[in-house]
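Okay, here's what each chain looks like letter by letter:
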Amino acid sequence: MASRDPSGGPASSGPVSGAHQPVPPGPSPASAPLRSPVRSGERALAPDLARGLMLLLIVLANSVWYLWAADSSELVAHPVDGSPADRIVQGVLITVVDGRTYPMFAFLFGYGMVQLWLRQRAAGVAEKDVRALLRRRNLWLMAFGLVHAALLWFGDVLGAYGFVGLLFGWLFLRRADRTLLVWAAALTGLLAAVTALALLGGFVAPQTPPSSGDDPVELLVPSSALNGVEDYPTSVLLRIAPWFFLVVGQGLLTLTIPIAVLLAFWAARRRVLEEPGEHLRLLRATALVGIPLGWLGGLPHALYHLGFLDLPPLMGDALVSVASATGLATGLGYVALFGLLAHRLSRRSTAGPVVTALAATGRRSLSCYLAQSLLCAPVLAAWGLGLGAHLHSATMALYATGVWLVTVLLAFLQERAGRRGPAEVLLRRLAYRRPLHS
């Protein structure tokens, strides 16, 4: 996953009115040097545990696009047929995973960005220096994303989060809590309105689907051009083009990512995930409402895809908007659930090997996210071994789970050896402009 970094607001080194954050009052006479990145012993369990488990959902969601030889639904990439096991997997992924990982990723990204800000400011670092650090971090994150997309995976999210981090770091990082919540509420209202219009359009529009040549999604990212191209240089060009669109499209136009980031800013100021025991009512309500709401929002599209709902094509396609919009509730609910789990685990005297391995994976989320592409693209894409042509929904889900388990094992071994993830080491070295111990 990427890391965490958006916000912005008036340039002031004093505390913001209405902002719940421990920033030293008034400007410091001299700026302290940048504080080194947080060490393992200083990290909270909940965000790392959430990132570690989130990576399983991400690889499951992304692996569907490697079924390049199957007859699929272009909007969600799931095959339109398969064995009973395949159809069950498709239904579960559409309901529980698809469109739910990005808001969760975005929340953790924004949360960590505020963590970095508060930690540096508490150490006496001047606001302009912290802003410069965040700016460098996001720019390098976008560079990582471009290389990732060009070499391996068109659906890279690092570029989108780096872009959101730059924009929101400028607009919202120093805004008052009330401003964050007002903007989050306004964007949520806009998301609901757009979703309602999509459903209305599905009812009233002529129920004749556009020809494949007129489908803007297919023109931009046809599945055959993503992972079904045998010539690697050609595949590089075909991956780069949609990546630039996705940087803005995923980062802003979906609306779920900006809303999740704004809410993460608010939550990070209150240390909701660092101190889950102090926020149990909020976490429980978010999990109990968000997860079922999101699953119910994705279920109609899953039933339509599986053929259990007989709807006009455009109405069926409009259900994708409902599933995407309610994915925000699920993503936030998943984060809250992991916060509750971390609170329960923190009451134990020792963390078992499973928890240690999952948290280690979360601490190396960037490295593990990139490792997923290294373990998938050359093996599954047509320009590599082409195994994706021989897998189906169920077997692909098993392969994706195996990939995640490999990254968990590698992260656990690195944790025991006292080593950071290689991508984290490189990003921090570039952002902090000095060598850092791994």
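Just so we're clear, the structure is a prediction, and the values are computed from it rather than from any experiment. (Residues numbered from 1 in each chain as written. Predicted model: local features only at pLDDT ≥ 70, side-chain atom pairs only at ≥ 80, totals over all residues. Heavy atoms only, no water.)

### Some remarks on the layout of surface pockets
Remark: the empty space left among the atoms is shown by a probe the size of a water molecule rolled over them.
Here is step 1: The calculated volume of the second largest pocket comes to roughly 630 Å³.
Here is step 2: Contributions of two or more residues to the lining of the second largest pocket are made by α3 (101–122), α6 (177–204), α10 (256–269), α11 (280–305) and α12 (313–346).
Here is step 3: In terms of residue count, the dominant contributor to the lining of the second largest pocket is α12 (eight residues).
Here is step 4: In the lining of the second largest pocket, the residues fall into 22 nonpolar, five polar and no charged. (1 Å grid on protein atoms, 1.4 Å probe; cavity = no way out; pocket = protein on both sides within 12 Å on 5 of 7 lines; lining within 4 Å. Points joined across faces, edges and corners; volume = space filled by probe spheres on them. Helix = DSSP H or I, 4+ residues; strand = E, 2+ residues; numbered from the N terminus. Nonpolar A, V, L, I, M, F, W, Y, C, P; charged D, E, K, R; others polar.)

### A look at the packing of aromatic side chains
Here is step 1: Scanning the entire structure with this criterion turns up eleven aromatic pairs.
Here is step 2: The interplanar angle of 70° and the centroid separation of 5.6 Å between the aromatic rings of W65 and F154 together place this pair among those described as edge-to-face. You can see W65 sitting in the loop between α1 (45–63) and α2 (84–97) and its partner F154 sitting in the loop between α4 (127–151) and α5 (158–171), a full 89 residues away along the chain.
Here is step 3: Taken together, the ring pairs in this structure connect W65, Y66, W153 and F154 into an aromatic cluster. (Phe/Tyr/Trp six-rings, centres within 6.5 Å; stacked < 30°, edge-to-face > 60°.)

### Overview of the UniProt feature "transmembrane region" (unreviewed entry) in the protein chain
Here is step 1: The feature "transmembrane region" (unreviewed entry), as given by UniProt, occupies residues 49–68, 160–176, 183–205, 243–268, 280–298, 318–341, 366–385 and 391–413 in the numbering adopted here.
Here is step 2: Note that residues 49–68 is 75% helix and 0% strand, and that its end C-alpha atoms are spaced 32 Å apart.
Here is step 3: End C-alpha to end C-alpha, residues 318–341 measures 35 Å, and it is 100% helix and 0% strand. (UniProt positions renumbered as here; feature names shortened; annotations may be inferred.)

### Some points on the environment of L133
Here is step 1: Here L133 lies in helix α4.
Here is step 2: For L133, a relative accessible area of 0% puts it in the buried group.
Here is step 3: Taking the C-alpha atoms as reference, L133 lies 6.0 Å from A431; in sequence the two are 298 residues apart. (Buried < 20%, exposed > 50% of the residue type's maximum accessible area, 1.4 Å probe, protein only.)

### Some thoughts on unusual backbone geometry
Here is step 1: Residues other than glycine seldom take positive phi values, yet L255 does so here, at roughly 70°.
Here is step 2: As for its placement among the helices and strands, L255 is situated in the loop between α9 (232–253) and α10.
Here is step 3: Judged by relative accessible area, which is 12%, L255 ranks as buried.
Here is step 4: Of note, R271 is a non-glycine position whose phi angle comes to about 55°, a positive value.
Here is step 5: You can see R271 is positioned in the loop between α10 and α11.

### Focus: the packing of α1 against helix α15 (residues 393–417)
Here is step 1: Between α1 and α15, whose axes approach to 9 Å, the crossing angle comes to 145°. The crossing of α1 and α15 is right-handed. In contact with G52, L53, L55, L56, V59, L60 and S63 of α1, α15 contributes M396, A397, A400, T401, V403 and W404.
Here is step 2: Classifying every residue of the contact of α1 with α15 by side-chain character gives ten nonpolar, three polar and no charged. (Axes fitted to C-alpha atoms, helices over the stretch in contact; angles between N-to-C directions. Left-handed = near helix turned anticlockwise from the far one by under 90°. Contact = heavy atoms within 4.5 Å.)

### Side note on α12
Here is step 1: Taking 1.5 Å per residue, 34 residues should reach 50 Å; α12 reaches 49 Å between its end C-alpha atoms and fits that length.
Here is step 2: At G327, α12 shows its strongest bend, of approximately 30°.
Here is step 3: Counting buried positions over the 34 residues of α12 gives 24, a clear majority of the element. (Expected span 1.5 Å × (residues − 1). Bend = angle between axes of the 7 residues up to and from the residue.)

### Focus on the nonpolar core
Here is step 1: Counting residues in hydrophobic clusters, the biggest one holds 106 residues, and the most contacted among them are M104, F107, L108, Y111, F265, Y369 and W404.
Here is step 2: Residues in contact with W404, not counting those within four places in the same chain, are G52, L53, L55, L56, V59, L358 and Q372. (Core = buried A, V, L, I, M, F, W, Y, C linked by side-chain atoms within 4.5 Å.)

### Structural notes on the packing of helix α14 (residues 365–380) against helix α16 (residues 422–432)
Here is step 1: It is at 6 Å that the axes of α14 and α16 come closest, and there the two elements cross at 120°. Considered as vectors, α14 and α16 are oriented oblique to each other. Handedness of the α14/α16 crossing: right-handed. The residues of α16 that touch α14, namely those facing S365, L366, S367 and L370, are P422, A423, E424 and L427. (Parallel < 35°, antiparallel > 145°, perpendicular 65-115°, else oblique.)

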